[in-house]
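Spelled out from the first residue to the last, the chains are:
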Amino acid sequence: MKLEHNFFTLMGQAQQFTVDRAALKKRFRTLQREYHPDRFAAKTPQEQRLAVQFSAHLNTAFATLDNPVKRATHMLELSGVTIDHQNSTIKDPVFLMQQMETREAFDDARADNDLPALESLFNQVNTQFQACQQDFAALFEASQLSASADEKKVRDTVGKMQFFEKLSDELTSLIRSLTQ
Amino acid sequence: MALLQISEPGQSPVPHQFKRAIGIDLGTTNSLVAAVANKGGADNGIAKVINDTEGRAILPSVVNYAASGAQYVGYEAQAIAADDPFNTLASFKRLMGRGLNDVSDTSQFQIVTPNDALTDTADKNDVIRIATAAGEVTATQASAEILKCLTARAADALGGAIEGAVITVPAYFDDAQRQATKDAATIAGLNVLRLINEPTAAAVAYGLDKADDRYIVVYDLGGGTFDVSILQLSEGVFEVLSTGGNSALGGDDFDLAIVQWALSQANISAEQLSAQEYRRLLIDARAAKESLTDNDSVTVSIQSSSVTWAGELTKVGFDALIDALVTATIAACKASLNDADLTAGEIADVVLVGGSTRVPLVREQVTALFQQAPKTDVDPDQVVALGAAIQANSLIGNSRDSDLLLLDVIPLSLGIETMGGLVEKIIHRNTSIPSTRAQEFTTYKDGQTALAVHVVQGERDLVSDCRSLARFELRGIPPMVAGAARIEVVFNVDADGILDVSAKETITGVSAHVQVKPSYGLEESEIAQMLKASYSHASEDRDARMLAEQRVEAEGLVDAVNMALAQDGHLLNDVERADIDAAIAAVLAIVGQSDTQAISDAVAALGRVTDTFATRRMDQSVRAALQGKNIEDVADGSL
């Protein structure tokens with residue numbers, strides 16, 4: 001079964017980094033309403049099987065476009081650039097230094113259960129995460145990776161996004177557990 | 001009903017035909033069946049529980065396996081239990097999809113059967129088999145007896161064969177437990193439309209699926225178990241955020257507390273009563289508990305050959321007896337709130353499930369914790385079965401109201417064992433289902449021709465802390481240097497949360513062979529054997545039924561394909577069209593004959609040649625939705 005590989009096309013979104021989240025959710029739910037296996041529970045086994053495949057594909061498409069890092073990775077894939085998240089290393093020395101300082105601040109605040117410090121760190125990380133996403137969006141022109149964008153910079157930007165996402169998630173759960 | 005093509009609302013191509021679909025609450029202590037009545041009838045589309053011929057809604061989840069080979073189910077089995085405890089199974093849901101390894105605490109199966117007549121299974125990972133006078137039985141088979149009994153009851157009440165069922169399972173059930181439940185339905189000859197989570201079913205019974213985004217608590221106090229689940233409803237998707245509870249705390253403990261009180265008041269010990277006298281006291285205690293829901297005091301009495309005693313139990317006195325028990329359930333609620341990162345104030349609705357939630361102290365404490373009165377309009381004994389019936393009615397296609405769509409997530413992460421006994425997660429918990437994920441692996445030794453894959457479920461990092469689901473062996477990999485082979489392992493989780501794993505070597509294209517050995521389930525052949533044995537009819541009847549079913553499927557598929565060809569034949573080239581026409585002709589040529597297997601093969605062949613066609617049609621309809629139409633048009637159903 002060959003399914004639409006371009007998740008932007010499938011989800012009715014322009015192929016750009018900024019997505020209309022409300023429209024994305026609406027489109028996702030409209031398609032699930034039509035193609036979810038529940039709609040085929042009383043139909044032939046073949047239809048049921050196809051519905052499971054298509055519905056799973058829709059779930060993947062939504063999860064991909066809904067998450068900044070996955071969305072960025074998918075955009076690069078569509079442009080012929082593959083990212084190996086596990087084996088990619090960032091080579092920007094300024095960023096690496098910042099990253100170590102942020103980590104230290106995080107560890108200190110966690111050790112002291114310092115909620116105000118954690119919250120301020122959270123805001124700082126998210127601001128950087130946002131900025132990084134804007135950097136990534138700027139690398140594209142008219143759905144295409146712009147000619148001036150060099151591959152190393154593209155990979156580094158996605159790597160940074162991944163770092164900020166992870167830190168932001170850790171901070172969120174730590175802050176929640178402390179405010180209980 | 002064209003192939004993968006949805007009719008426009010209100011334009012069903014086939015005249016609407018009511019189908020008999022049921023919802024089953026397959027409970028630890030009691031089971032129930034419910035159905036939505038045909039519209040136009042007196043009950044007009046309302047879900048109702050189906051009673052037995054004596055007007056009882058509940059079927060106790062008890063099965064007796066007599067030496068004669070006969071099986072007694074429900075109240076009958078309960079009545080025999082005292083005389084024949086060793087061949088009577090109760091609470092067997094606790095053993096569904098479980099191996100001896102899982103049940104380190106033997107009290108778990110002491111509840112199921114008083115004997116320790118568990119068959120010595122060579123493999124501790126094998127499914128638990130209990131020796132009875134009628135031979136070895138598994139929890140899956142006992143569950144099948146309950147399902148058969150309820151299905152027969154529903155078929156009588158609804159006036160014909162049941163075409164599909166929704167069965168509820170606890171939200172925390174893992175893959176093996178869900179698979180065991182589906183296997184039980186297969187043995188019972190029941191077509192499962194979907195397994196749904198018990199708390200979700202309870203929320204559906206209250207129509208909460210149509211509500212705005214919110215957090216819902218389902219407090220389920222059964223006879224012997226307590227479960228609390230916290231659900232998030234977000235844009236029509238129910239997600240289980242956390243579950244908790246106590247598998248050894250239930251309403252029966254309230255009865256026991258009254259018994260203990262009466263014995264101490266009468267200053268006698270339980271041993272001074274005969275088994276029969278003790279049972280009478282227990283029944284009296286239960287009646288007293290129920291009476292205190294509406295009255296301030298009740299008389300409890302003990303009549304034995306040696307003692308006659310009667311005393312007054314006030315509501316205040318009863319509350320003091322059960323206070324510690326109720327407090328324990330509240331503590332579990334708080335723990336679940338914590339797990340879900342929520343506070344009590346963020347909960348929009350509290351749904352009560354289980355007869356013991358009628359006890360006033362339970363309601364008072366639940367109200368105090370969540371700062372709101374819990375929902376009680378729907379009978380708490382029936383609410384899960386009713387929700388399942390509503391969903392069954394929708395899935396079978398009776399309900400025109402297509403708003404009800406439950407999107408579910410997987411409760412526990414799925415992964416495989418990697419070097420050093422670590423788990424590599426392939427599908428994370430809370431991923432929407434159905435879900436497909438592929439992961440590439442390679443060989444680690446030169447010339448390696450086989451690869452063992454161990455599939456596990458759980459959140460922990462070590463394989464030993466997770467639950468083993470299956471072991472696979474991929475054989476026939478052509479010898480290559482280490483790291484050169486590309487082995488793609490594909491995880492598929494269907495809408496019931498059940499996993500299917502396949503693997504292939506992609507570089508050489510050499511088809512490799514996958515063997516699946518379920519760690520805790522029944523083998524496919526075993527299920528087929530049980531299914532065969534379960535038919536009470538002569539084999540000719542069975543064959544006739546299978547032939548009839550196969551013919552219906554064949555004709556249905558040919559109709560669907562013809563309709564699709566009439567609409568979208570242009571999507572095919574001449575060769576593809578000829579292939580499909582030939583496959584249709586092959587089905588039509590054989591459908592009138594009585595070779596069931598040949599018809600089945602022809603249907604499968606037609607299914608294969610139309611796969612691409614169906615995909616293109618689906619693609620086309622998705623594209624049509626994007627061209628010249630905005631998202632509002634699509635949402636209006638003109639896709």
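These numbers were taken from a predicted model, which means no experiment stands behind them. (Residues numbered from 1 in each chain as written. Chains lettered and ligands numbered in written order. Predicted model: local features only at pLDDT ≥ 70, side-chain atom pairs only at ≥ 80, totals over all residues. Heavy atoms only, no water.)

Enquirer: What exactly am I supposed to notice about the overall build of chain B here?
Expert: Broken down by element type, chain B carries 15 helices and 27 strands. For chain B, the residues scored as buried account for 50% of the 639 residues in total. A separation threshold of at least 6 residues defines the contact pool for chain B, and within that pool the share at least 24 residues apart is 67%. When the accessible area of chain B is evaluated, it comes to approximately 28,100 Å², of which 49% is carbon and sulfur surface. (Helix = DSSP H or I, 4+ residues; strand = E, 2+ residues; numbered from the N terminus. Buried < 20%, exposed > 50% of the residue type's maximum accessible area, 1.4 Å probe, protein only. Contact = heavy atoms within 4.5 Å. Areas by Shrake-Rupley, 256 points an atom, 1.4 Å probe, with all protein chains shown as cover.)

Enquirer: For this particular structure, what's the right way to read the overall build of chain A?
Expert: Looking only at helices and strands, chain A features seven helices and two strands. Secondary structure elements of chain A, listed N to C terminal, follow the sequence α-α-α-α-α-α-β-β-α. Per-residue burial over chain A gives 45% buried out of 180 residues. Contacts in chain A between residues at least 24 apart in sequence constitute 69% of all its contacts with a sequence separation of at least 6. Of the roughly 9,000 Å² that chain A leaves accessible, carbon and sulfur atoms contribute 50%.

Enquirer: Please clarify how the packing of helix H2 (residues 21-35) of chain A against helix H3 (residues 45-66) of chain A should be interpreted in this entry.
Expert: Axis angle and axis distance: for two packed helices, these are the angle between their axes and the distance between the axes, and together they describe the pair. All names here are of chain A. Where H2 contacts H3, the two axes come as close as 10 Å, and the packing angle between them is 175°. Considering their axes alone, H2 and H3 lie roughly antiparallel with respect to each other. Contact residues: Arg 21, Leu 24, Lys 25, Phe 28, Leu 31, Gln 32 and Tyr 35 in H2; Ala 51, Phe 54, Ser 55, Leu 58, Asn 59, Phe 62, Leu 65 and Asp 66 in H3. The class makeup of the residues in the contact of H2 with H3 is nine nonpolar, three polar and three charged. (Axes fitted to C-alpha atoms, helices over the stretch in contact; angles between N-to-C directions. Parallel < 35°, antiparallel > 145°, perpendicular 65-115°, else oblique. Nonpolar A, V, L, I, M, F, W, Y, C, P; charged D, E, K, R; others polar.)

Enquirer: Before we go on, may I ask you to explain the sheet that holds strand E17 (residues 349-353) of chain B in this structure?
Expert: Hydrogen bonding along the main chain pairs the strands of a sheet, whether they run parallel or antiparallel. All names here are of chain B. The mixed open sheet is built from four strands, whose spatial order is E14-E13-E12-E17. The sheet terminates laterally at strand E14 (237-246) and E17, the two strands that pair on one side only. Neighbouring strand axes in the sheet, compared pairwise and without regard to direction, differ in orientation by 20° on average. In the sheet, strand E13 (residues 226-234) pairs with E14 via nine bridges, with the strands oriented antiparallel. Pairing of Val 228 across the sheet is with Gly 244, part of E14. (Pairing = 2+ DSSP bridges.)

Enquirer: How should the pairing of E17 of chain B be read in this particular structure?
Expert: Strand residues, when the strand is regular, have side chains that alternate between the two faces of the sheet. Residue and element names in this part refer to chain B. Counted residue by residue, E17 has five buried out of five residues, so it is predominantly covered. Burial along E17 is two-sided: Asp 349, Val 351 and Val 353 and Val 350 and Leu 352, pointing in opposite directions, are all buried. Relative to E17, strand E12 (residues 214-221) runs parallel, the two sharing five bridges. Paired with Val 217 across the bridge in E17 is Val 350.

Enquirer: Sorry if this is basic, but what is going on with the packing of aromatic side chains here?
Expert: Each aromatic ring pair is specified by the distance between its two centres and by the angle formed by the two planes. Evaluated as defined, the whole model comprises nine aromatic pairs over all chains. Grouping aromatic residues by their ring pairs yields a cluster made of Phe 95, Phe 163 and Phe 164 of chain A. Against the face of Phe 17 of chain A rests Arg 71 of chain A, its NZ or CZ located 4.4 Å from the ring centre. Sitting above the plane of the Phe 613 of chain B ring, Arg 617 of chain B keeps its charged end 5.8 Å from the centroid. (Phe/Tyr/Trp six-rings, centres within 6.5 Å; stacked < 30°, edge-to-face > 60°. Lys NZ or Arg CZ within 6 Å of the ring centre and 35° of its normal.)

Enquirer: When you look at the confidence of the model for chain B in this model, what are you seeing that I'm missing?
Expert: Residues and elements named next belong to chain B. Across chain B, the average pLDDT comes to 82, with 84% of residues at 70 or higher. Segment residues 1-13: pLDDT under 50, and 32 contacts once partners within four positions in sequence are set aside and those in other chains are kept. This stretch, residues 628-639, has a pLDDT under 50; its non-local contacts, to residues over four places away or in other chains, come to 18 contacts. (pLDDT = per-residue confidence, 0-100.)

Enquirer: Please clarify how the side chain of Thr 443 of chain B should be interpreted in this entry.
Expert: Relative to the elements of secondary structure, Thr 443 of chain B occurs in the loop between strand E22 (435-441) and strand E23 (451-457). Those residues in contact with Thr 443 of chain B that lie beyond four places of it in its chain are Gln 448, Val 481, Ala 482, Gly 483, Ala 484, Ala 485 and Ile 487 of chain B.

Enquirer: Explain the pattern of salt bridges here, please?
Expert: Side chains bearing opposite charge may pair, as long as their charged atoms lie close to each other. This model, assessed by the stated rule, comprises 30 salt bridges over all chains. The residue Lys 166 of chain A makes a salt bridge to Glu 170 of chain A at a minimum N-O spacing of 3.5 Å. Residue Lys 166 of chain A and its partner Glu 170 of chain A are located together in helix H7 (residues 151-179), separated by four residues, close to a single helical turn. Judged by relative accessible area, which is 24%, Glu 170 of chain A ranks as partly exposed. A cluster of three or more residues bridged by salt bridges with shared partners is formed by Asp 38 of chain A together with Lys 182, Arg 194 and Asp 496 of chain B. (Salt bridge = Lys/Arg side-chain N within 4 Å of Asp/Glu carboxyl O.)

Enquirer: So what exactly am I meant to see when it comes to the environment of Gly 160 of chain B here?
Expert: Mapped onto the elements, Gly 160 of chain B comes out in the loop between helix H3 (139-158) and strand E10 (164-169). For the pair Gly 160 of chain B and Arg 20 of chain B, spaced 140 residues apart in sequence, the C-alpha to C-alpha distance is 7.6 Å.

Enquirer: Is there a simple way to think about the side chain of Asp 174 of chain B in this case?
Expert: Residue and element names in this part refer to chain B. Following the sequence through the fold, Asp 174 ends up in the loop between E10 and helix H4 (175-187). Reaching out from Asp 174, the side chain makes a polar contact with the backbone nitrogen of Ala 176 at a distance of 3.0 Å. Of the polar contacts made by the side chain of Asp 174, one reaches the side chain of Arg 467; its length is 2.3 Å. (Polar contact = N/O pair within 3.5 Å; in protein donor to acceptor, adjacent residues only side chain to side chain.)

Enquirer: I would appreciate a short explanation of the confidence of the model for chain A in the present structure.
Expert: Predicted coordinates in regions of low pLDDT should not be interpreted in detail. Confidence in the prediction of chain A, expressed as mean pLDDT, is 85, and 93% of residues score 70 or more. Per-residue pLDDT, averaged within each element of chain A, yields its smallest value for strand E2 (residues 144-145) of chain A (74) and its largest for helix H1 (residues 7-10) of chain A (92).

Enquirer: Would you mind going over the environment of Glu 555 of chain B with me for this structure?
Expert: All names here are of chain B. The topology assignment puts Glu 555 in helix H12 (residues 539-568). Overall, Glu 555 belongs to the partly exposed group, its relative accessible area being 43%. Taking C-alpha positions, Glu 555 is 9.9 Å from Ile 584, a pair spaced 29 residues apart along the chain.

Enquirer: Help me understand the packing of H3 of chain A against helix H4 (residues 68-78) of chain A in this model?
Expert: Residue and element names in this part refer to chain A. Running from amino to carboxyl end, H3 crosses H4 at an angle of 105°, the nearest separation of the two axes being 5 Å. With respect to each other, H3 and H4 are oriented roughly perpendicular. Along its contact with H3, which presents Ala 63, Thr 64, Leu 65 and Asp 66, the element H4 presents Pro 68, Lys 70, Arg 71 and His 74. Residue classes in the contact of H3 with H4 are distributed as three nonpolar, two polar and three charged.

Enquirer: I'm lost on the sheet that holds strand E7 (residues 88-90) of chain B in this one. Help?
Expert: All names here are of chain B. Here three strands make up an open sheet; going across it, the order is E6-E5-E7 and the pairing antiparallel. Edge positions in the sheet fall to strand E6 (71-73) and E7, since each of these pairs with one other strand and no more. For this sheet the average axis-to-axis angle between neighbouring strands, irrespective of direction, equals 15°. Relative to E7, strand E5 (residues 62-65) runs antiparallel, the two being bridged by three bridges. When the bridges of E7 are listed, Val 63 appears paired with Leu 89.

Enquirer: Teacher, can you tell me more about unusual backbone geometry here?
Expert: With omega at 0°, the peptide bond leading from Ile 433 of chain B into Pro 434 of chain B counts as cis. For Pro 434 of chain B, the location among the structural elements is in the loop between strand E21 (432-433) and E22. Of note in the backbone geometry, Asn 113 of chain A takes a positive phi value of approximately 50° without being a glycine. The backbone of Gln 371 of chain B shows a phi angle near 55°, a positive value even though the residue is not glycine. Take Gln 371 of chain B: it is sitting in the loop between helix H9 (360-370) and helix H10 (383-395).

Enquirer: Would you explain the environment of Glu 417 of chain B in this entry?
Expert: All names here are of chain B. Structurally, the position occupied by Glu 417 is in strand E19 (residues 414-418). Residue Glu 417 is classed as partly exposed on the basis of its relative accessible area of 32%. Residues Glu 417 and Asp 461, 44 residues apart in the sequence, show an inter-C-alpha distance of 9.8 Å. With sequence-adjacent residues up to four places away left out, Glu 417 is seen in contact with Leu 422, His 454 and Val 463. Among the polar contacts listed, one links the side chain of Glu 417 to the side chain of His 454, at a separation of 2.7 Å.

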